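# Analysis of the macromolecular model
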Amino acid sequence: MTDCYMPEPKSHGAYDLAVVGAGSAGFSAAITAAEQGAEVALVGHGTIGGTCVNVGCVPSKTMIRAAEVLHGARAASRFPGLSGEAHIMDWGALVAAKDDLVTTLRQRKYIDLLSAYPGISYFDGAACLTTGGVAVGGRIVRAGKTIITTGAAPGQPDIPGFDDVPWLTSTTALELTDLPRSLIVIGGGYVGCELAQMFARMGTRVTIVARSRLLPEAEPEVSEALTGYLRDEGLMVHVGLAYRQVTRDERGVGLIVEIDGREETLRAEQVLAATGRTPNTRGLDLHKNGVQRADSGAISVDAMMRTSNPIIYAAGDVTGRDQFVYMAAYGGKVAALNALNGDSLVYDNSAMPWVVFNDPQVAGVGLSAATARNAGYDVKTSVLPLDQVPRALAARDARGLIKLVADAGTDRLLGGQILAPEAADSVQTLAVALKTGMTAKALGEMLFPYLTTVEGLKLAALAFDKNVATLSCCAG
Ligand SMILES: Cc1cc2nc3c(=O)[nH]c(=O)nc-3n(C[C@H](O)[C@H](O)[C@H](O)COP(=O)(O)OP(=O)(O)OC[C@H]3O[C@@H](n4cnc5c(N)ncnc54)[C@H](O)[C@@H]3O)c2cc1C
């Protein structure tokens, strides 16, 4: 860390809590503990603020928005009588504006907070666990309890030849000073899907490849529809393939894949690996300190965020679950309160909304039909194409669908997914419905404002029992 405010570490004895990792989970844990009156040692290594603000949510979402603006202008002709065109005049200026936003938010949401909480002492350096606390920069920081929040980093795909080619990660792709002419994106998870569409809209010829399907955790209807929309925009999407080898030549990279039993070489100037993230645990001395890891390498925690060592907790991406920034912050808070006050809080992700910032956006909460069936529910589903939602018709953009999952016996809502331009905002209504145990009938009876995307939830709820095509305006 070079640009960070650093208060004098306390000279007295032990801290109540040591937090290792100054990203979203770490800051949340440290602030929560300081608000409880605890003395906290927060140890950060690398750029303060961690993934979200520096190389994740913030830089990716501002670039995705810029790409949407470009696309939006070009898509104006879907309204008769309109035409539009937008161009990149200065890629460097766009990248600089993104960097400026990152710097501003890092300062406001992380660095400035250190001085706002006198109970937090910041230490700069790579920490490792040790008896009675943590070791950092050759000194021992003693603490009663410790929370590990060291996050995760882009993983390298296990494809022969990958070591011999220059490859981009989500981090380095967002730092490119020149837009690549062509790009292969390996991985159909949310990072791969978001960045693939962003680069394509910016003007790069993009091929996205995935072993299974795009967004494998999403409902099959959602995944299939998104694949179609990306293809409609000109992206090449190859799914259900096996990777054989990566090669390099003077024009760029070649990815040899096997599709339907035959080998094919896909070529591009650059390749971006988005095949998952590896927990940052190296050098922490976990084993020596009795902290167990799962087979994935992530630190195993129980519902109270405790590791296998009763005075050490973990939260955020390093635990390998729910890799979203708000879940990292939530986990950090639960861990801090449990560490300080006795283990009374349970990490509850049952109404966790999630969003994929493609266009149309994908958002969901609760169980999919398949996971609900696997959990033993007698499942009923409702699938509403977006052309049944007046908002979509008015916007002349009916790409998308809404799928709701409910318990056939009780009618209680179990989950749902939305593929729609404003899915990210609409999903929160469904999250509240799930949190409060609503039935599909009750959701269908609620008042929703007319000509909104979220009104689609009401229509999808009604569609369990009715043909919504025969309803009048406002689902009346
Ligand atoms: C491209 C991309 C886009 C994303 N978009 C979104 C989004 O739109 N919405 C969303 O909710 N989530 C998004 N995420 C996920 C989100 O960024 C992460 O889930 C979140 O930042 C994880 O927070 P964390 O605190 O667990 O880890 P981090 O923020 O990574 O913090 C961990 C910190 O610990 C430090 N550290 C590591 N080892 C040590 C050590 N030994 N000692 C001290 N410090 C150490 C690291 O350097 C880092 O600073 C995105 C991620 C990526 C990659």
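The text that follows walks through the structure, step by step, so that each part is easy to find. Treat the numbers as computed from the prediction; the structure is a model and nothing was measured.

## Comments concerning unusual backbone geometry
Cis geometry is adopted by the peptide bond preceding P360, which originates at D359 and carries an omega value of 0 degrees. Of note, P360 is situated in the loop between β17 (354-356) and β18 (361-366). Residues other than glycine seldom take positive phi values, yet L215 does so here, at roughly 45 degrees. Within the secondary structure, L215 is located in the loop between β9 (205-210) and α7 (220-232). You can call L215 buried: its relative accessible area is 6%. At R396, a residue that is not glycine, the phi angle is positive and equals roughly 50 degrees. Examined against the element boundaries, R396 turns out to sit in the loop between α10 (390-394) and β20 (401-407).

## Observations regarding the packing of helix α3 (residues 57-74) against helix α4 (residues 91-116)
Relative to each other, α3 and α4 sit at 140 degrees, their axes nearing to 9 Å. Taken together, the axis directions place α3 and α4 in an arrangement best described as oblique. Crossing hand, α3 versus α4: right-handed. In this structure, α3 contributes V58, P59, T62, M63 and A66 to the contact, and α4 contributes W91, L94, V95, K98, L101, V102 and L105. Across the contact of α3 with α4, the residue classes break down as 10 nonpolar, 1 polar and 1 charged.

## As for the state of the cysteines
Formally, a disulfide is one covalent bond, and it connects the sulfur atom of one cysteine to the sulfur atom of another. Under the defined criterion, the tally for this structure stands at 1 disulfide. A disulfide bridge connects C52 with C57, and the sulfur atoms are separated by 2.3 Å. One quick way to see it: the torsion about the S-S bond of C52 and C57 is about -130 degrees, and its sign makes the bridge left-handed. Given the relative accessible area of 13%, C52 is considered buried. Look at C57 and you get partly exposed, because its relative accessible area is 26%. In this structure C193 is a free cysteine whose sulfur lies 17 Å from that of C57, the closest cysteine sulfur available. We classify C193 as buried; its relative accessible area is 0%.

## Some words on the nonpolar core
Among the nonpolar cores identified, the biggest contains 76 residues, and L42, M198, F199 and L272 are the most heavily contacted of them. If near-sequence neighbours (up to four positions away) are discounted, F199 is found in contact with A173, L176, L179, P180, L183, T204, V206 and L272. L386, L404, A424 and V468 belong to the second largest nonpolar core, which has 33 residues in total.

## Concerning the sheet that holds strand β14 (residues 270-273)
Backbone hydrogen bonds are what pair the strands of a sheet, in a parallel or an antiparallel way. If you walk across this open sheet you meet the 4 strands as β10-β9-β8-β14, and the pairing is parallel. Two strands lie at the open edges of the sheet, namely β10 (236-239) and β14, each paired on one side alone. Strand after strand, the sheet turns through a mean of 15 degrees between neighbouring axes, direction not considered. As paired strands, strand β8 (residues 182-186) and β9 are joined by 5 bridges and run parallel to one another. Counterpart to V185 in the pairing with β9 is I208. Helix α6 (residues 190-202) contacts β8, β9 and β14 of the sheet and is inclined by roughly 165 degrees relative to β9.

## Let's talk about the packing of helix α1 (residues 24-35) against helix α8 (residues 325-341)
Put simply, α1 and α8 touch, their axes get as near as 7 Å, and they point 35 degrees apart. When the axes of α1 and α8 are compared, the crossing they make is right-handed. Each of S24, A25, S28, A29, T32 and A33 in α1 lies in contact with α8, whose residues at this interface are V325, A328, A329, G332, K333, A336, L337 and L340. Classifying every residue of the contact of α1 with α8 by side-chain character gives 9 nonpolar, 4 polar and 1 charged.

Procedures and definitions
- Residues numbered from 1 in each chain as written.
- Predicted model: local features only at pLDDT ≥ 70, side-chain atom pairs only at ≥ 80, totals over all residues.
- Heavy atoms only, no water.
- Helix = DSSP H or I, 4+ residues; strand = E, 2+ residues; numbered from the N terminus.
- Buried < 20%, exposed > 50% of the residue type's maximum accessible area, 1.4 Å probe, protein only.
- Axes fitted to C-alpha atoms, helices over the stretch in contact; angles between N-to-C directions.
- Parallel < 35°, antiparallel > 145°, perpendicular 65-115°, else oblique.
- Left-handed = near helix turned anticlockwise from the far one by under 90°.
- Contact = heavy atoms within 4.5 Å.
- Nonpolar A, V, L, I, M, F, W, Y, C, P; charged D, E, K, R; others polar.
- Disulfide = S-S within 2.5 Å.
- Core = buried A, V, L, I, M, F, W, Y, C linked by side-chain atoms within 4.5 Å.
- Pairing = 2+ DSSP bridges.

On their own, these measurements won't tell you what the molecule is for.
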